[in-house]
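Chain by chain, the residues run as shown.
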Amino acid sequence: MVVLMVKETEPSGQALSQLRVLEIGSSAATSYCARLFADFGADVSKVEPPAADPLRSSAPLTPGGQSAWFAFLNFNKSSIIIDPADPEAIERLTRLVEDCDILVDGRDIDCAECPSIDVAPIRQRHSGLIYLEAAWFSREGPYREFAASDSVVRALAGLVKLVGPIEGPPLHAPDFQTGILAGLWGFIAVASSLIARLGSRVGRSHSLSIYEACISLSEYQLFETIERGEAMHRMGVNRFWPNFPAGIYETKKGWLGVTTITPKQWHAFCEMLDLPQLRDDPALVLGADRLKHTEQIERLFVPKLKSRTARQWFAEAIQRKIPIVPVPELSDLLEDQEKIERGAIVPLLIGGERALTPGSMQRLTLTPPRRGGKVPAIGGLQVFTKERIDSRRRRSSLPSGGTRPAEQPLKGVRVIDFSMGWAGPFCTRTLGDLGADVIKIEAIQYPDWWRGVDRRENYVHGQRYEKTLRFCIMNRNKRGITLDLTRPEGLSVAKRLIAHADIVVDNYSVDVLPKLGLGYEVLRMLNPRLVVMSMSAFGTNSVHRGCRAYGSTLEHGSGLPSVVGTSSGPPVMSHVAFGDAIGGLNGCAAILVALIHARETGQGQFIDLAQVECMMPFTAPWIIVHSLSGASERYGNRHPQFVPHGCFRCAGEDNWIMLAVTDANMWQRLATLIGRAEWAADSSLRSEKRRRLIEDKIENEIERWTRGRDADHAMAELQGARVAAGVVRPPVDLLQDPHLRSRAFFQEVERAFIGPHLQPSIPIREGARPAPIRRAAPTLGEHNREILADLLGLEELEIADLASKGIIGSKMLSERELRQGW
C-alpha cells in the first residue's frame, strides 16, 4: 500500500471554468469525455437514477467495495438524482439541459433509467447548446442493434486477433480501453465545437461511434497489409509485424521493452550487446528482414540481456539513442516521484478511501488541469460547484441565434507541424480533418521517417518514399513544405510561418527545436497567442528526457503490459505501437483546450505532453486498487465482472469469436442457445459469482458449441439471441466490414505516385456522412511555391535561391548524397 501526501490546491487558472456540462445515460466513453472537461474546471453534473449509474457496481472493486473504474471516470463531477417515476422528471431534466453549454449523452449504450427527452426541440430553443451522443456502433447500419462490450468492439475492430501466442487464443485486456479511446474522440469533437462557437455563437451536434474510434489504432496495420501484400498473423506474445525486435524481454532484474526500427538503432543495439555478427549482416538491416530470423536472433541477444538489470540497460540505451525502457510494475508507477510531481499520479478520495489514480495527461503549463479530486456520492455535489442560478438568466448569457455553423469547426486555425511518424502527425491530421490549415514541415535531408527509413540509392531515386500508404493515411488534409532548419534561411522562413500561426506541434526529442533556435521562449516572442506543444516520451524536464521512443516504447513504459495476460506469464503488449495513436489524441485534446483559452484571452501557452503518461489511464482501475490494497489481479482473457468472457475457437484455421455475458438475462439466453437449458433455469446461476465457480465448465461448453460454427455464423446466432459477441477479425478485414461499408467509412482519395486509395474517416460526425477528406497527403515539398509565394509573399528569385541552396526541394537525398554534402 502506497500513501501519497499532496497538498490539494486549485490551479491558478482553469481554461474551461466558464462551462457547464451535463452527462446523461451510462457509458465509459461519455463519462471519460465529461471528466476531461471537469479536469479543466468545467462544472460537470452527472444525472443518475435513485439506483445509481450501473458503472458504480463495475469491477474491480476497492477494499471498501467501490468501483475503481467508476471512480476514475467520474472524479470532480457532481451527481444529480432524477427518479424516472417522478411526474416532473422530464421537466426537471429538460431544465438542466437548457441550463448547460454541453450535453454528453450515453443513453444509446445504457439508458440507465434516464427520463426520455427529445434533444432536437431543446436545441432549437437553445441554439448555443453543443450536443454529443455516443453509440457502440451507430444509429444506422447492420450492427446498430448489436449487444456489445469493450472487448467485443475491440475484437471486431481488429485489435485482438494479432495479440498472443501463435496457437491461440488471442490475448487481450478484458476491459477499460474503448472508454478512454472513444472518450478522447468525444472530447475532441466537443472542444472543436466550442472553438467554432466563439465565432458563430451556434452549437453543433455530433455522433460518436465507439467502434470506429477503435479503428484509430488498427488503421496502421490495415494499410501496411495492403501495401506489403502480406497477410498479417499472430507471431507470438510480444511480437508484431512489421518490426523486430519490438517486444518485452527478461533481464537480470525486471523486464525491458526493446524497439529497434532504423538501421542506426539496430546497429547501436547490436554494439551495446557486443553482437557484431548481427550488426554486420546485410540481411538484417531492416525490421521486416529481421522478422524472417526471429528465433536465431533472439537466441543470441536474449541471454545477453539477462546479464544486466533493466535499469542498467535503460541508462546505456539513452546514451546510445536506442528506444529501450524498463517495463514498470504498478508499484513502480505509484512510487515514481517524477510522475507524482508532474501530476501523472494524483490523490483520489472515494468515499472514506484515499487512493491514487492516473491524473489528467494534458499537461498545459499556464492553465493546468486539476490534480486529483473526489468521487461524488449519489446525489453529491463538489465543493467548487457553482451556485445554481436561474435558468432563464443563464440562457440569456449563452450564445443564441447566430449564423449557421461553418462547414468545419476549425476553419481558420493554422497549424505548423514539425512532427514525424505516427503520434504527432495523427494529432495534426485530426486538426486538419476538423478544418484546420496544417502546414507540414519536412526537409529533403531528413523527411518524415514514415516515408521510409531506407536511405539506399534504389529506394530514394525510385521515389519509393512517395508510395508509403502509412504516410499518406497520416498526413492527409495537410499542405507540405520542405525547409532545412539547420540553415539561417530555412529558420527564417519557419519563423515567418510561426508568427502568423495558432499552433505549433513537434514530437522530436526535447532538445531539437531549442537547439535550432525554435524553443518556446523564442516562439512566444514571435507570437504571444501561440499554442506550442512538445510531444516527448517522458516530458521536457524529465530525468529521462533524452529517451528515444516509438509507440511500442510508450506502451512498455506505461505499466499496461504488467496487467495484461496471466499471473504466470510475462508482461504482454496489446499493440505494435499502442502509444502513438493515444499520444496523438491526447495531444489534440490538449491543444484544443489551450486554443480555447488563447481565443478567449489572447494568451498562448506551452504544452508539455509526456506520451508515456498518456498511456497510463488504461491501467487506472488496477492502479487505484493497488494503491489501496498493495495488490491487483491479472485476468487473462477473463473479466473481473462478466462471466463468461473470452475468445472461443470457431470452425476453420485460427478463427475465433469474442463473447461477453454482461448481465443475468444475457446469461440465460446464452445457456439456452448452447443447449444448456438447465443452466438457464437454475436461478442461482444468475449470479456471476456462482457462475465463476464453474467457469471452466461453462467455457468448455461454449467452445464445444462455437467449434462447430463459422465465426460469422456464430456471431449472427449469438447476436440474434442478444448475446454480446463479435468475430475476432484481422485489421485488413475491416475493408469488407458490412457496417463500415454501409456508413461509407472508407473514402477514396487520389494522390500522385499511388493513384486512388482508401482513407479511413474520423469516428465523429455532424450528419449522416463522414467528414470529407479535402486533400491527399502532400508529396515532398509539394506546396513550397504556394506557401512561400502566396502566403509569405516571397518573389520568384528568392524562391529559386532557396532551391539552389538546398533549403527547399522536392526530392529526398540518399545516404550517399548526405555524406557528400549535397
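Residue numbers restart at each chain and count upward from 1, following the sequence in its written direction. With the structure being a predicted model, the display of local features is reserved for residues of pLDDT at least 70 and the display and counting of side-chain atom pairs for 80 or more, all residues being used for whole-chain, interface and lining totals. Note that water and hydrogens are dropped before the side-chain values are worked out from all heavy atoms of the structure.

Asker: Just give me the short version of the overall build of the chain, but keep the residues and values in it.
Answerer: Elements are defined by DSSP. Helices are runs of H or I of four residues or more, strands are runs of E of two residues or more, and each kind is numbered from the N terminus. Looking only at helices and strands, the chain features 34 helices and 24 strands. Throughout, radius of gyration means the C-alpha value; the globule benchmark is 2.2 Å times the number of residues raised to the power 0.38. The C-alpha atoms of the chain give 26 Å as radius of gyration, which agrees with the globular expectation for 822 residues (28 Å, within 12%). Carbon and sulfur atoms make up 50% of the accessible area of the chain, which totals about 29700 Å². Only four residue types enter the tally: Lys and Arg on the positive side, Asp and Glu on the negative side, with His and both chain ends excluded. Charge positions come from single atoms, namely NZ of Lys, CZ of Arg, CG of Asp or CD of Glu. Computed over 98 positive and 97 negative side-chain charges, the separation of the two mean positions in the chain equals 2 Å. All accessible-area figures derive from a Shrake-Rupley calculation using a 1.4 Å probe, and residue coverage is judged against the displayed protein chains alone.

Asker: Any details on the environment of Met615? Residues and values, ideally.
Answerer: Here Met615 shows up in the loop between helix H24 (611–614) and helix H25 (620–629). Sequence-wise, Met615 and Leu278 are 337 residues apart; in three dimensions their C-alpha atoms are separated by 33 Å. Every residue in contact with Met615, bar those within four places of it in the chain, is listed here: Leu554, Glu555, Ser558, Leu560, Phe578, Gly579 and Ile582. Throughout, a contact is declared for two residues whenever any of their heavy atoms are within 4.5 Å.

Asker: Can you break down the nonpolar core residue by residue, with the values?
Answerer: Take the buried residues of types Ala, Val, Leu, Ile, Met, Phe, Trp, Tyr and Cys, join any two whose side-chain atoms come within 4.5 Å, and each joined set is a nonpolar core. Exposure is judged per residue with a 1.4 Å probe applied to protein chains only, and the accessible area is read against the type maximum: over 50% gives exposed, under 20% gives buried, and values in between give partly exposed. By size, the foremost hydrophobic cluster in this structure holds 183 residues, and its most contacted members are Leu16, Phe37 and Leu431. It is helix H23 (residues 578–601) that contributes the most residues to this core, 14 residues altogether. Among all residues touching Phe37, those that are not within four sequence positions of it are Leu16, Leu19, Val21, Ala42, Val44, Ile102, Phe187, Val190, Ala191 and Leu194. Judged by nonpolar contacts, the second largest core, of 31 residues, contains Tyr508, Leu513, Leu518 and Tyr520.

Asker: Would you mind going over the pairing of strand E3 (residues 78–81) in detail, with residue names and values included?
Answerer: Here, strands pair whenever DSSP counts at least two bridges between them. In terms of strand pairing, strand E2 (residues 43–48) meets E3 through four bridges, oriented parallel. Within E3, the residue paired with Val47 across the bridge is Ile80. Crossovers are described as right-handed under a simple rule: with the strands pointing away from the observer, the path leading from the first strand over the helix to the second runs clockwise. The parallel pair E2 and E3 is bridged by helix H2 (residues 68–74), and the resulting crossover is right-handed.

Asker: Can you explain the packing of aromatic side chains? Please cite residues and give values.
Answerer: Stacked, edge-to-face and tilted are the three classes for Phe, Tyr and Trp ring pairs, Trp counted by its six-membered ring, which pair at centre distances within 6.5 Å; planes under 30 degrees apart are stacked, over 60 edge-to-face, the rest tilted. What the rule picks out here adds up to 27 aromatic pairs. Taking 5.4 Å as the distance between ring centres and 45° as the angle between the ring planes, the aromatic pair formed by Tyr520 and Phe606 counts as tilted. Here Phe606 lies in strand E18 (residues 605–610) and Tyr520 lies in helix H21 (residues 520–526), a separation of 86 residues in the sequence. Members of the aromatic cluster, connected to one another through ring pairs, are Tyr32, Trp69, Phe72, Phe176, Trp622 and Tyr635. Should the NZ of a Lys or the CZ of an Arg lie within 6 Å of a ring centre and within 35 degrees of the ring normal, that charge is described as sitting over the ring. Of note, Arg228 hangs over the ring of Trp241, and the distance from its end group to the ring centre comes to 5.2 Å. In this structure, Arg451 packs its charged tip against the face of Phe471, placed 3.9 Å from the ring centre.

Asker: Describe the state of the cysteines, with residues and values.
Answerer: In this description, a disulfide is simply a cysteine sulfur pair whose atoms lie within 2.5 Å. In total, this model carries zero disulfides according to the counting rule given. A disulfide-free cysteine, Cys547 has its sulfur positioned 15 Å from the sulfur of Cys614, the nearest such atom.

Asker: Please provide a residue-by-residue account of the side chain of Glu133, values included.
Answerer: For Glu133, the location among the structural elements is in strand E5 (residues 130–135). Discounting chain neighbours no more than four positions away, the residues touching Glu133 are Asp105, Arg139, His206, Ser207 and Leu208.

Asker: How would you summarise the packing of helix H6 (residues 178–200) against H23 if you had to cite specific residues and measurements?
Answerer: Helix axes are fitted to C-alpha atoms over the stretch in contact, other axes to C-alpha atoms as well, and angles between N-to-C directions run from 0 to 180 degrees. Running from amino to carboxyl end, H6 crosses H23 at an angle of 25°, the nearest separation of the two axes being 9 Å. With respect to their mutual orientation, H6 and H23 come out roughly parallel. Crossing angle aside, the handedness with which H6 passes H23 is left-handed. Residues Leu181, Leu184, Trp185, Phe187, Ile188, Ala191, Ser192, Leu194, Ile195 and Leu198 of H6 pack against Ile582, Leu585, Asn586, Cys588, Ala589, Leu592, Val593, Leu595, Ile596, Arg599 and Glu600 of H23. Residue composition of the contact of H6 with H23, by class: 17 nonpolar, two polar and two charged. By definition in this entry, angles of less than 35 degrees are roughly parallel, angles greater than 145 are roughly antiparallel, angles of 65 to 115 are roughly perpendicular, and the rest are oblique. Left-handed describes a crossing whose near helix is turned anticlockwise from the far helix by less than a right angle; the clockwise case is right-handed. Polar here means any residue outside two lists: the nonpolar Ala, Val, Leu, Ile, Met, Phe, Trp, Tyr, Cys and Pro, and the charged Asp, Glu, Lys and Arg; Gly therefore counts as polar.

Asker: Lay out the sheet that holds strand E16 (residues 503–506) with the relevant residues and their values.
Answerer: Taking strand neighbours across the sheet as the criterion, the six strands line up as E15-E14-E13-E16-E17-E18 in an open arrangement whose pairing is parallel. Because the sheet does not close on itself, it has two edges, and the strands there are strand E15 (478–482) and E18. Averaged over all pairs of adjacent strands, the angle between strand axes in this sheet comes to 20°, irrespective of strand direction. Pairing between strand E14 (residues 437–442) and E15: five bridges, direction parallel. In the sheet register, Ile441 faces E15, and the bridge partner there is Ile481.

Asker: Describe empty space enclosed by the protein, and please don't skip the residues or the numbers.
Answerer: Here a cavity denotes grid points, spaced 1 Å and computed from the protein atoms alone, that fit a 1.4 Å probe unable to get out, and a pocket denotes an open set having protein on both sides within 12 Å along at least 5 of 7 lines; residues with an atom within 4 Å of a point are the lining. Grid points are joined across faces, edges and corners, and a volume is the space filled by probe spheres set on the points. Applying the stated criterion across every chain yields a total of nine cavities of 30 Å³ or more. The volume enclosed by the largest cavity comes to roughly 90 Å³.

Asker: Tell me about the packing of helix H1 (residues 28–39) against H6, and please be specific about residues and values.
Answerer: For the pair H1 and H6, interaxial distance at closest approach is 7 Å and the crossing angle is 50°. If you check the angle between H1 and H6, you find them oblique. Seen along the crossing, H1 lies across H6 with a hand that is right-handed. Contact with H1, carried on its side by Ala28, Ala29, Tyr32, Cys33, Leu36 and Phe37, involves Gly179, Ile180, Ala182, Gly183, Leu184, Gly186, Phe187, Val190, Ala191 and Leu194 of H6 and no other residues of that element. Class assignment of the residues belonging to the contact of H1 with H6 gives a composition of 13 nonpolar, three polar and no charged.

Asker: Give a description of the pairing of E18 that names residues and reports values.
Answerer: Along a regular strand, successive side chains alternate from one face of the sheet to the other. The element E18 is extensively covered by neighbouring structure, given that six of its six residues are classed as buried. Alternating residues of E18 divide into Gln605, Ile607 and Leu609 and Phe606, Asp608 and Ala610, and every residue in both groups is buried. Where strand E17 (residues 531–536) lies against E18, six bridges are found, and the strand directions are parallel. When the bridges of E18 are listed, Val532 appears paired with Phe606.

Asker: How would you sum up a negative patch on the surface? Please name residues and give values.
Answerer: Side chains of Asp83, Asp86, Glu88 and Glu113 sit close together on the surface and give a patch of like negative charge. Summarising the element assignment, Glu113 is placed in the loop between strand E4 (102–106) and helix H4 (119–125). For Glu113, a relative accessible area of 45% translates into the label partly exposed. A patch consists of residues whose relative accessible area exceeds 30% and which take part in no salt bridge; residues with like charges are grouped when within 9 Å of each other, and nonpolar side chains (Val, Leu, Ile, Met, Phe, Trp, Tyr) when within 5 Å. Whenever Lys or Arg places a side-chain nitrogen within 4 Å of a carboxyl oxygen from Asp or Glu, that contact is recorded as a salt bridge.

Asker: Report on the sheet that holds strand E19 (residues 645–649), specifying residues and quantitative values.
Answerer: Taken in spatial order, the three strands line up as E19-E20-E21 in an open sheet, and their pairing is antiparallel. A strand with exactly one partner marks an edge of an open sheet, and here the two such strands are E19 and strand E21 (724–727). Put simply, the sheet's adjacent strands are angled 20° from each other on average, direction ignored. Inspection of the sheet shows strand E20 (residues 656–660) paired to E21 by four bridges, in the antiparallel sense. Among the inter-strand pairings, Ala660 is bridged to a residue of E21, identified as Ala724. On top of the sheet, helix H30 (residues 711–720) reaches E20 and E21; it is set at about 165° to E21, its chief contact.

Asker: If you had to explain the environment of Ile416 to someone new, which residues and values would you point to?
Answerer: As for its placement among the helices and strands, Ile416 is situated in strand E13 (residues 414–417). Note: C-alpha distance between Ile416 and Tyr211 (205 residues apart in sequence) is 31 Å. With residues up to four places along the chain from it excluded, the contact list for Ile416 reads Ile439, Ile441, Leu497, Ile498, Ala501, Ile503, Val504 and Val505.

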